[in-house]
Amino acid sequence: MKISARNTFEGTITKLTDGAVNAEVELTTAGGDKIVAIVTEGSVKSLGLAVGKKAVAFAKAPWVTLMTGEPTIRFSTRNQLSGTVKKVIKGAINTEVALELPGGTTVNAVITNEAATDLGLKEGLKAQALIKASHIILGVPA
Amino acid sequence: MKISARNTFEGTITKLTDGAVNAEVELTTAGGDKIVAIVTEGSVKSLGLAVGKKAVAFAKAPWVTLMTGEPTIRFSTRNQLSGTVKKVIKGAINTEVALELPGGTTVNAVITNEAATDLGLKEGLKAQALIKASHIILGVPA
Amino acid sequence: MKISARNTFEGTITKLTDGAVNAEVELTTAGGDKIVAIVTEGSVKSLGLAVGKKAVAFAKAPWVTLMTGEPTIRFSTRNQLSGTVKKVIKGAINTEVALELPGGTTVNAVITNEAATDLGLKEGLKAQALIKASHIILGVPA
């Protein structure tokens, strides 16, 4: 199986909060990174999601927002991952950016060229990746 | 009226589950495809959403994740649509992919070139489109 | 601090509806524009979100859907912003569009070239930007 989503986090479910329609699921990777996902209760049931179960979190590159510099704002995004820029590829409209996290995981983002220039993105720069919990897709071994 | 979202599914609301903030709405197309959307309760009221009402579901191409090969993972995405690749257009950073569903509907995805190569996407290949319910926009006739 | 999200709305929280997992937050800008965001209750607590507090809403350009012409459909998207096309930049796959709102705010969207042609987007045309509340990132001063 191959998937087009460029961001994959493998881990174990460490927290699960139920709601009427949605549930919040926290995944902890082997390296200790935490990823929070919002999925429907329908998915919780059909996938048998529960604390202690292995799961994989996926996010597409355009769903990742990047930030550089000293944070003057605190964000609502449950997933805020600090890393170092490893690769910057510029296209006609969009730029693809690879960010390496301390634990070795790579986060891939697609942002506009304007944003890439604005943030001064280049190899070696510190940056933060923001991913909304409602943008995370969860998977469990079939 | 013209809309930039490249994915449109016309159908009838066949299920509606209310929550405190969000509601889950299931739409069934004439061809029998089912699309699940998460919208706010504010939208349920303002649009008068109810079982039996006609509605249209929209999703932008970058919100669609593609998968190929035998599924080794089960996903939380409520919308998982199997089809056949009809068109692959490669740009500098992104590739646009058109997937034809058995009922004749076309699903359009924009993925990174890296992902397109990784999945080996080409005309005639079987693939699956994953769309999160929270990414679906619902509409009703004005 | 610099952020890659191309859409920023500064304002004051004017409404907050709590749920079990998610909360709906309405922000009103100085110019009177209203932006509705869905964030987790975890974020409401950690950011101290409350009516009367200053906040900033962010959205990435690919999360914005554009519409032109007389609306024949009413949409579930809580954020529907009418404006005038100011800039259209075409790439290999995607087109970047800047929309100016009456209050002076600019909304940036990235859509496929196919969609841009379909909508007949060009400078001076009236268009509407649709942004799902669940796609909005909220921030508060650090």
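Residues numbered from 1 in each chain as written. Chains lettered and ligands numbered in written order. Predicted model: local features only at pLDDT ≥ 70, side-chain atom pairs only at ≥ 80, totals over all residues. Heavy atoms only, no water.

Q: Please clarify how the overall build of chain A should be interpreted in this entry.
A: Helix and strand content of chain A: two helices and twelve strands. In chain A, the succession of helices and strands from N to C terminus is β-β-β-β-α-β-β-β-β-β-β-α-β-β. Taken against the 2.2 N^0.38 rule, which gives 14 Å for 142 residues, the C-alpha radius of gyration of chain A at 16 Å falls within 12% of a compact globule. Dimensions along the principal axes, computed over C-alpha positions, put chain A at roughly 45 × 35 × 25 Å. A buried classification covers 61% of the 142 residues belonging to chain A. Looking at chain A alone, contacts between residues at least 24 apart form 60% of all its contacts between residues at least 6 apart. With the model as given, the accessible surface of chain A reaches about 5200 Å², and the carbon-plus-sulfur share is 50%. In chain A, 16 positive and 12 negative side-chain charges are present, and the distance between their average locations comes to 3 Å. (Helix = DSSP H or I, 4+ residues; strand = E, 2+ residues; numbered from the N terminus. Rg over C-alpha atoms; globule rule 2.2 N^0.38 Å. Buried < 20%, exposed > 50% of the residue type's maximum accessible area, 1.4 Å probe, protein only. Contact = heavy atoms within 4.5 Å. Areas by Shrake-Rupley, 256 points an atom, 1.4 Å probe, with all protein chains shown as cover. Lys, Arg positive; Asp, Glu negative; His and termini not counted. Charge placed at Lys NZ, Arg CZ, Asp CG, Glu CD.)

Q: Help me understand the interface of chain B and chain A in this model?
A: It is common to report an interface's size as the accessible area lost on association of the parts. With 39 residues of chain B at the contact, the number on the chain A side is 40 residues. Across the chain B/chain A interface, buried area totals approximately 3100 Å², and carbon plus sulfur atoms make up 57% of it. Connecting chain B to chain A are four salt bridges. One salt bridge connects A:Arg6 with B:Glu114, and the closest N-O pair in it is separated by 3.7 Å. Inspection of the chain B/chain A interface yields 18 residue pairs in polar contact (both at pLDDT 80 or more). (Buried area = accessible area lost by both parts, 1.4 Å probe. Salt bridge = Lys/Arg side-chain N within 4 Å of Asp/Glu carboxyl O. Polar contact = N/O pair within 3.5 Å; in protein donor to acceptor, adjacent residues only side chain to side chain.)

Q: When you look at the relation of the copies chain B and chain A in this model, what are you seeing that I'm missing?
A: There are two copies of the chain, and a rotation about an axis plus a shift along that axis relates them. Least-squares fitting of chain B to chain A yields an RMSD of 0.0 Å, with the transformation described by 0.0 Å of translation along the axis and a rotation of 120 degrees. In short, the pair behaves as if placed about a three-fold rotation axis. (Least-squares fit on C-alpha atoms with pLDDT ≥ 70 in both.)

Q: How should the interface of chain B and chain C be read in this particular structure?
A: Counting from both sides, the interface comprises 40 residues of chain B and, opposite them, 39 residues of chain C. Together, the buried faces of chain B and chain C total about 3100 Å²; carbon and sulfur atoms form 57% of this surface. Joining chain B to chain C, the criterion identifies four salt bridges. One salt bridge in this structure joins B:Lys2 and C:Asp118, with 3.4 Å as the shortest N-O distance. Across the contact surface, chain B and chain C share 19 residue pairs in polar contact (both at pLDDT 80 or more). When residues of the side of chain B that touches chain C are traced back to their parent elements, those giving at least two are strand E1 (2-3), strand E4 (34-40), helix H1 (41-47), strand E5 (54-59), strand E8 (79-90), strand E9 (94-100) and strand E12 (137-141) of chain B. Looking at the side of chain B that touches chain C residue by residue, the class counts come to 23 nonpolar, eleven polar and six charged. In this sheet, strand E6 (residues 65-68) of chain C lies alongside E1(B) in antiparallel orientation, the contact comprising two bridges. Along E6(C), the bridge assignment pairs B:Lys2 with C:Thr68. (Nonpolar A, V, L, I, M, F, W, Y, C, P; charged D, E, K, R; others polar. Pairing = 2+ DSSP bridges.)

Q: Teacher, can you tell me more about the pairing of strand E9 (residues 94-100) of chain A here?
A: Two faces belong to every sheet, and in a regular strand the side chains alternate between them. Residues and elements named next belong to chain A. Of all seven residues making up E9, six are buried, and the element is well covered by its neighbours. Alignment of strand E8 (residues 79-90) against E9, held across six bridges, turns out to be antiparallel. By the bridge assignment, valine 85 is partnered in E9 with leucine 99. Taken together, E8 and the strand that follows it, E9, pair antiparallel across an intervening segment of three residues. Relative to strand E10 (residues 106-112), E9 is paired through seven bridges, and the arrangement is antiparallel. The partner of glutamate 100 across the bridge, within E10, is threonine 106.

Q: In this structure, what is going on with the pairing of strand E3 (residues 22-29) of chain A? I would like to understand it.
A: Residue and element names in this part refer to chain A. Judged by how many residues are buried, E3 sits mostly within the fold: eight of eight residues are covered. Of the two faces of E3, the one lined by Asn22, Glu24, Glu26 and Thr28 and the one lined by Ala23, Val25, Leu27 and Thr29 are each fully buried. Pairing between strand E2 (residues 7-18) and E3: seven bridges, direction antiparallel. Residue pairing in the sheet places aspartate 18 in a bridge with alanine 23 of E3. Hairpin connection, E2 to E3: the antiparallel pair is bridged by three residues. As judged from the seven bridges shared by E3 and strand E4 (residues 34-40), these two strands associate in the antiparallel manner. Counterpart to alanine 23 in the pairing with E4 is valine 39. From the end of E3 to the start of E4, which pair antiparallel, there are four residues, and glycine 32 there has a positive phi angle of about 95 degrees.

Q: I keep staring at the nonpolar core and nothing clicks. Help me out?
A: Buried together is how nonpolar side chains tend to be arranged in soluble globular proteins. One finds A:Leu49, A:Leu66, B:Leu49, B:Leu66, C:Leu49 and C:Leu66 to be the most contacted residues of the largest nonpolar core, which totals 132 residues. Discounting residues that sit within four places of it in the chain, A:Leu66 has contacts with A:Val97, A:Leu99, A:Ala109, A:Ile111, A:Leu119, A:Leu121, A:Gln128, A:Ala129, C:Lys2, C:Ile3 and C:Ser4. (Core = buried A, V, L, I, M, F, W, Y, C linked by side-chain atoms within 4.5 Å.)

Q: What is the right way to look at the pattern of salt bridges in this model?
A: Working definition: two side chains of opposite charge can pair if their charged atoms are close together. This structure, assessed with the given rule, holds 18 salt bridges over all chains. The salt bridge partner of A:Lys34 is A:Glu26, with a shortest N-O separation of 3.9 Å. Looking at A:Lys34, the relative accessible area reads 44%, which means it is partly exposed. With relative accessibility at 17%, the residue A:Glu26 sits in the buried group. What you see here is one network of salt bridges that share partners, running through A:Lys2, A:Arg6, A:Lys87, B:Glu114 and B:Asp118.

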